[in-house]
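This is what each chain is made of:
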Amino acid sequence: MAVRVAVNGFGTIGKRVAAAVVKQPDMTLVGVAKTRPSFEAREALQSGYRLYVTGAGDPAEFEKVGLRTAGRIEELLQDVDVVVDAAPDRVGQENARLYQKAGVRAVFQGGEKSEVAEVSFNALANYAAAKDHRTVRVVSCNTTGLARAAAILTTRWEVDHWEATIVRRAADPAETKRGPLNGIIPTLQIPSHHGHDVNTILPNLHITTTAVVVPTTLMHVHVNNVRFRTGPKSAAELVEALRRTPRFHVFSRWEGIQGTPQVMEFARDRGLGRSDMMENVLWEEGVRVDGRTATFFQAIHQESVVIPEVIDAIRAMFDLAPDAARSIAITDRALGLSGPG
Ligand SMILES: NC(=O)c1ccc[n+]([C@@H]2O[C@H](COP(=O)([O-])OP(=O)(O)OC[C@H]3O[C@@H](n4cnc5c(N)ncnc54)[C@H](OP(=O)(O)O)[C@@H]3O)[C@@H](O)[C@H]2O)c1
């Protein structure tokens with residue numbers, strides 16, 4: 001029987017998770033929840049989702065503008081096996097009490113501290129760790145990108161030390177209150193929290209991260225320097241390993257993808273919806289191996305990269321697939337991701 005899923009919070013992540021759940025053969029979306037009426041609340045109803053009121057929201061406010069609601073979040077939780085919390089940063093930890101009271105399992109997002117859940121998750125890195133757990137946290141977009149790459153490199157070779165500089169987007173495209181609009185802001189916490197977050201999934205990886213915020217909304221870019229004890233013999237070998245892995249998309253120079261604007265144009269043309277690019281994006285010519293050190297760039301579409309991970313987290317919690325490879329294959333086929341090759 002399909003796992004019944006609720007999505008609490010219907011913003012950037014929540015609406016994508018809802019759309020992804022609907023496409024899965026072994027999951028059913030029971031409803032989504034928002035605090036207030038908006039175009040997104042209308043979009044939920046137009047998509048055929050049942051809409052519930054969450055947080056401090058008032059059902060009367062929805063009714064006033066003609067949006068029909070099916071009840072409050074507490075009622076939605078009565079009808080599901082798992083809730084995906086997609087509320088703003090740190091609100092998930094408040095919602096956790098609600099989920100516990102209702103006796104439902106919960107998947108949290110990377111804006112929460114790792115303590116919110118029993119385990120932090122990335123499908124390529126630690127799929128089995130989520131098995132049978134009641135609470136799982138899918139790590140943030142940047143951590144997801146790093147963990148995916150680290151999972152591949154640490155499986156094939158022996159990594160001595162990983163150093164990553166994270167060039168962070170300032171805001172999501174729909175956000176108007178964040179910046180900078182003009183400037184480059186170094187994160188004055190060295191190392192940045194991302195490396196520590198990767199260690200919630202890959203505890204033995206020696207990784208240090210630093211971050212700067214730049215005025216763009218499209219994607220993050222990571223500049224990775226990896227020192228190996230035993231590593232790939234050439235850039236071609238490393239590229240080949242990544243190309244063979246799901247959730248990696250490697251562009252070649254002839255394709256004319258100079259940077260994140262063309263990646264987004266590619267995603268719009270590909271047409272998976274919302275111009276999403278759920279894979280780690282690399283450039284073949286942006287990978288170099290020098291002796292025992294590899295350097296490579298990767299771009300991460302912050303709005304969508306975690307979506308397939310949330311789906312796999314649910315599958316792992318309910319033991320719906322024998323292993324990561326099978327779950328990833330089911331998820332990616334349903335989402336229309338082309339897979340390795
Ligand atoms: N955006 C990204 O780049 C990104 C990437 C990876 C992970 N994440 C993480 O995903 C989570 C959600 O981020 P987001 O970008 O999707 O935020 P968002 O776009 O601001 O959406 C948050 C949603 O939560 C709703 N909400 C507000 N208060 C709530 C409550 N008490 N209970 C339940 N829902 C509530 C909001 O509804 P109303 O509009 O009705 O108030 C809105 O629909 C965060 O932990 C974030 O760190 C975000």
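Residues numbered from 1 in each chain as written. Predicted model: local features only at pLDDT ≥ 70, side-chain atom pairs only at ≥ 80, totals over all residues.

Scanning the protein chain from N- to C-terminus turns up 12 helices and 14 strands. By the compact-globule yardstick of 20 Å for 341 residues, the protein chain fits well, its C-alpha radius of gyration being 20 Å. Taking the principal axes of its C-alpha atoms as reference, the protein chain extends roughly 65 × 45 × 35 Å. When burial is assessed residue by residue, the protein chain has 47% of its 341 residues classed as buried. (Helix = DSSP H or I, 4+ residues; strand = E, 2+ residues; numbered from the N terminus. Rg over C-alpha atoms; globule rule 2.2 N^0.38 Å. Buried ≥ 20, exposed ≤ 12 C-beta atoms within 10 Å, placed from the backbone.)

Bringing the site of the ligand into the picture now. Near the ligand, the surroundings consist of 29 residues, among which Gly 9, Gly 11, Gly 55, Gln 109 and Gly 111 are the closest. Breaking the shell around the ligand down by element, the ones donating at least two residues are α1 (12-23) and α5 (91-102). Residues of the shell around the ligand, tallied by class, amount to eight nonpolar, 15 polar and six charged. (Near = placed C-beta within 6 Å. Nonpolar A, V, L, I, M, F, W, Y, C, P; charged D, E, K, R; others polar.)

Time to look at the domain arrangement of the protein chain. Domains assigned within the protein chain are domain 1 (3-139 + 306-335) and domain 2 (141-300). Its C-alpha centre places domain 1 at a distance of 26 Å from the equivalent point of domain 2. The interface of domain 1 with domain 2 comprises 18 residues on the first partner and 20 residues on the second. Where the side of domain 1 that touches domain 2 is concerned, the elements lending two or more residues are α1, α6 (123-126), α11 (307-317) and α12 (324-335). (Domains from an automatic or database assignment. Contact = placed C-beta atoms within 7 Å.)

Bringing the sheet that holds strand β9 (residues 185-186) into the picture now. Ordered in space as β9-β10-β8-β11-β14-β13-β12, the seven strands form an open sheet in which the pairing is mixed. The sheet terminates laterally at β9 and β12 (248-251), the two strands that pair on one side only. Note: strand β11 (residues 220-230) against strand β14 (residues 293-300), eight bridges, orientation antiparallel. Note that in β14 the partner of Val 226 across the bridge is Ala 294. Those strands touched by helix α7 (residues 141-156) are β8 (158-169), β11, β13 (280-290) and β14, and its axis lies near 25 degrees from that of β11. (Pairing = 2+ DSSP bridges. Axes fitted to C-alpha atoms, helices over the stretch in contact; angles between N-to-C directions.)

Let's shift gears to the packing of α11 against α12. Their axes nearest at 10 Å, the elements α11 and α12 cross at an angle of 135 degrees. Taken as axis vectors, α11 and α12 run oblique relative to one another. Handedness of the crossing formed by α11 with α12: right-handed. Contacts between α11 and α12 involve Pro 308, Ile 311, Asp 312, Arg 315 and Ala 316 from the former and Ser 327, Ile 328, Thr 331, Asp 332 and Leu 335 from the latter. Counted by class, the contact of α11 with α12 contains five nonpolar, two polar and three charged residues. (Parallel < 35°, antiparallel > 145°, perpendicular 65-115°, else oblique. Left-handed = near helix turned anticlockwise from the far one by under 90°.)

This paragraph deals with the sheet that holds strand β4 (residues 82-85). Taken in spatial order, the seven strands line up as β3-β2-β1-β4-β5-β7-β6 in an open sheet, and their pairing is parallel. Of all the strands in the sheet, just β3 (51-53) and β6 (119-121) have a single pairing partner and so form its edges. With strand direction ignored, the average angle separating the axes of adjacent strands in the sheet is 25 degrees. As defined by bridge partners, β6 adjoins strand β7 (residues 135-138) across three bridges and the pair is classed as parallel. Counted as the bridge partner of Val 119 is Val 136 from β7. Against the sheet, α11 contacts β1 (3-8), β2 (27-34), β4, β5 (105-108), β6 and β7, and its axis sits at roughly 160 degrees relative to β7.

In this section: the packing of α1 against α11. Contact geometry for α1 and α11: axes closest at 9 Å, N-to-C directions at 55 degrees. Relative to α11, the element α1 is oriented oblique. Relative to α11, the crossing made by α1 is right-handed. Here Arg 16, Val 17, Ala 20 and Val 21 of α1 come into contact with α11, specifically with Ile 307, Val 310 and Ile 311.

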